[in-house]
Amino acid sequence: MGADLSFNRIKKIEGLESLQKLELLELSNNRISAIENMDTLENLTHFAIANNLISEISNVMYLRRFKKLYQVYFFGNPISEEDAYVMFIVAFLPTLRGLDKICFDKKTKEKACADYKSTLDKLELEELQKQQDAEAQMRKEAELKSHKDAFVESFNGPCMFKSMFEDDPEAARLSCIPGMASHLQEYPFFPLIFLVHVAVFLTYSANCHTFDQCRDLEKDYHLKVQQTAVATLEKVAQGNLEEDEPDEVAMLLKDTNAVMSALATSHDNHLLKIRDWETCPSLKG
């Protein structure tokens, strides 16, 4: 697929975004001074921009992104009059086999690369870093998409904590019991976040083990809360509670069965929440 835009008095390269399959681009005999806005042309093999106004040889660097580029035409531009014109382009466009009407051999390529070795080494390191940064960003975006697909995109810090406790009708009652507030702040939601996020990328059989770990965290937490509740209830029974509590809390503390029932219900609610994450369709796929 090719596009011939020569002899059109074009001053700026633009409007090529939709031509991803383009292999040959002819822009010769225009008024172009910069090579730009061609990022989507990943299949470009032949590029002609002869007889234009390209005066900065650094424009050549832009063409390094085209990994299939085979032939370029720059003659008739101010840069073609520079002494290092041929060797510079040969060195910095690694896939190139032809420049203007010249087909260069392996020896020419090796000499050009040797002449610009230090600059090429530095440039390749910079490009590698950019590539790694781009890949890291892509992984981050892919991870976010996976979380959204698995309905876990909100499992970040306080969001997960709220999800666990706002859906628990017993949480408010239990938080009034002396000593419980600190336990709520210590809930292991950060390890849970990690385990659930890991589960997004595992097979279903591996997920089963991951969510068993989530349940173990919840059980350990429940045991601590239960021990605190029992200790508080014993103090109430002995009349040793240090602080005066509101009437509603005092009544609750006098009803041991109500407290233990609320603890059991809260624990069951948390286990159900973990079960909801475990049975998420995306995690089964």
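Counting of residues starts from 1 at the beginning of each chain's written sequence and follows it residue by residue. Whole-chain, interface and lining totals are the exception, using all residues; otherwise, since this is a predicted model, local features are given only for residues with pLDDT of at least 70 and side-chain atom pairs are given and counted only at 80 or more. Heavy atoms throughout the structure, all of them, feed into the side-chain values; hydrogens and water do not.

1. Quick look at the overall build of the chain
Secondary structure summary: the chain contains twelve helices and six strands in total. Counting the 285 residues in the chain, one finds 38% classified as buried. We call two residues contacting when some pair of their heavy atoms lies within 4.5 Å. Sequence-distant contacts in the chain: of pairs separated by 6 or more residues, those separated by 24 or more amount to 57%. For the chain, the exposed surface amounts to about 16,800 Å²; the carbon and sulfur share of it is 53%. For helices the rule is a DSSP run of H or I covering at least 4 residues; for strands it is a run of E covering at least 2, with both sets numbered from the N terminus onward. Each residue gets one of three labels from its accessible area relative to the maximum for its type: buried under 20%, exposed over 50%, partly exposed in between, using a 1.4 Å probe on protein chains only. To measure how exposed things are, a 1.4 Å probe is used in the Shrake-Rupley method; for residues, cover is taken only from the protein chains shown.

2. Some remarks on the packing of helix H2 (residues 85–92) against helix H3 (residues 106–115)
Where H2 meets H3, the closest approach of the two axes is 8 Å, and the angle between their N-to-C directions is 90°. Here H3 runs roughly perpendicular to H2, going by the angle between their axes. On H3, the residues touching Met87, Val90 and Ala91 of H2 are Thr108, Lys109, Lys111, Ala112, Cys113 and Asp115. Ten residue types, Ala, Val, Leu, Ile, Met, Phe, Trp, Tyr, Cys and Pro, are classed as nonpolar, four, Asp, Glu, Lys and Arg, as charged, and the remainder, Gly among them, as polar. A per-class count over the contact of H2 with H3 returns five nonpolar, one polar and three charged. Lines fitted to C-alpha atoms define the axes, with helix axes restricted to the stretch in contact, and inter-axis angles between N-to-C directions lie between 0 and 180 degrees. If an angle is under 35 degrees, it is roughly parallel; if it is over 145, roughly antiparallel; if it lies from 65 to 115, roughly perpendicular; otherwise it is oblique.

3. Quick notes on the pattern of salt bridges
By definition, a salt bridge exists where a carboxyl oxygen of Asp or Glu is found within 4 Å of a side-chain nitrogen of Lys or Arg. Scanning the entire structure with this criterion turns up four salt bridges. Two residues, Lys111 and Asp115, come together in a salt bridge whose shortest N-O distance is 3.2 Å. Remark: Asp115 and Lys111 occur in helix H3; sequence separation between them is four residues, near one turn of the helix. With relative accessibility at 45%, the residue Asp115 sits in the partly exposed group. Between Asp121 and Lys117 there is a salt bridge, with its nearest N and O atoms 2.8 Å apart.

4. Here we look at the sheet that holds strand S6 (residues 102–103)
Only strands joined by at least two bridges in the DSSP assignment are considered to pair. As summarised here, the arrangement of the six strands in space is S1-S2-S3-S4-S5-S6, forming an open sheet in which the pairing is mixed. At either margin of the open sheet sits one strand with a lone partner, and together these are strand S1 (2–4) and S6. Relative to strand S4 (residues 71–73), strand S3 (residues 46–48) runs parallel, the two being bridged by three bridges. Pairing of His46 across the sheet is with Gln71, part of S4.

5. Focus on the side chain of Ser266
Along the chain, Ser266 falls in helix H11 (residues 256–278). The exposure class assigned to Ser266 is buried, which follows from its relative accessible area of 7%. When neighbours within four sequence positions are excluded, Ser266 is seen to be in contact with Asp168, Glu170 and Leu174.

6. Regarding the nonpolar core
Definition used in this section: a nonpolar core is a set of buried Ala, Val, Leu, Ile, Met, Phe, Trp, Tyr and Cys residues joined via side-chain atoms within 4.5 Å. Within the largest apolar cluster, 38 residues are counted, with the highest numbers of intra-cluster contacts made by Leu25, Met38, Phe47, Leu63 and Phe74. At the level of secondary structure, the elements contributing two or more residues to this core comprise helix H1 (59–62), H2 and helix H4 (117–149). With six residues, H2 is the largest single contributor of residues to this core. Other than its neighbours up to four places away in sequence, Phe47 contacts Leu25, Leu27, Ile35, Met38, Leu63, Leu69, Gln71, Val72 and Tyr73.

7. Structural notes on the confidence of the model for the chain
Each residue carries a pLDDT score, the predictor's confidence in it, ranging from 0 to 100. Across the chain, the average pLDDT comes to 78, with 73% of residues at or above 70. No element of the chain has a lower mean pLDDT than helix H8 (residues 189–199), which averages 51, and none a higher one than strand S2 (residues 24–26), which averages 95. Under a pLDDT of 50 for its full length, residues 150–158 has, in the predicted model, 26 contacts with residues more than four places off or in other chains.

8. What about unusual backbone geometry?
A positive phi angle, near 55°, is found at Asn37, a position not held by glycine. One can find Asn37 in the loop between S2 and S3. Non-glycine residue Asp100 carries a positive phi angle of around 55°. On the basis of relative accessibility, which here comes to 11%, the residue Asp100 falls in the buried class.

9. Overview of the packing of aromatic side chains
The pairing test for Phe, Tyr and Trp rings, Trp by its six-membered ring, is centres within 6.5 Å, and the orientation test on the planes gives stacked under 30 degrees, edge-to-face over 60, and tilted for anything in between. Counting across every chain of the model gives four aromatic pairs. Residues Phe88 and Phe92 carry aromatic rings whose centres are separated by 4.5 Å and whose planes lie at 35° to one another, so their mutual orientation is tilted. Placement of the pair is Phe88 and Phe92 together in helix H2, with a separation of four residues, close to one helical turn. Classification of Phe92 by relative accessible area gives buried; the value is 0%. The interplanar angle of 65° and the centroid separation of 5.4 Å between the aromatic rings of Phe92 and Tyr116 together place this pair among those described as edge-to-face. Here Phe92, found in helix H2, pairs with Tyr116, found in the loop between H3 and H4; they are 24 residues apart in sequence, far enough to count as distant. There is no split in this pair, since Phe92 and Tyr116 are both buried.

10. Here we look at the environment of Leu25
Residue placement: Leu25 occurs in strand S2. Judged by its relative accessible area of 0%, Leu25 is buried. With 19 residues separating them along the chain, Leu25 and Ser6 place their C-alpha atoms 9.3 Å apart. In contact with Leu25, not counting residues within four places along its chain, are Ala3, Leu5, Leu16, Met38, Leu41, Leu44, His46, Phe47 and Ala48.

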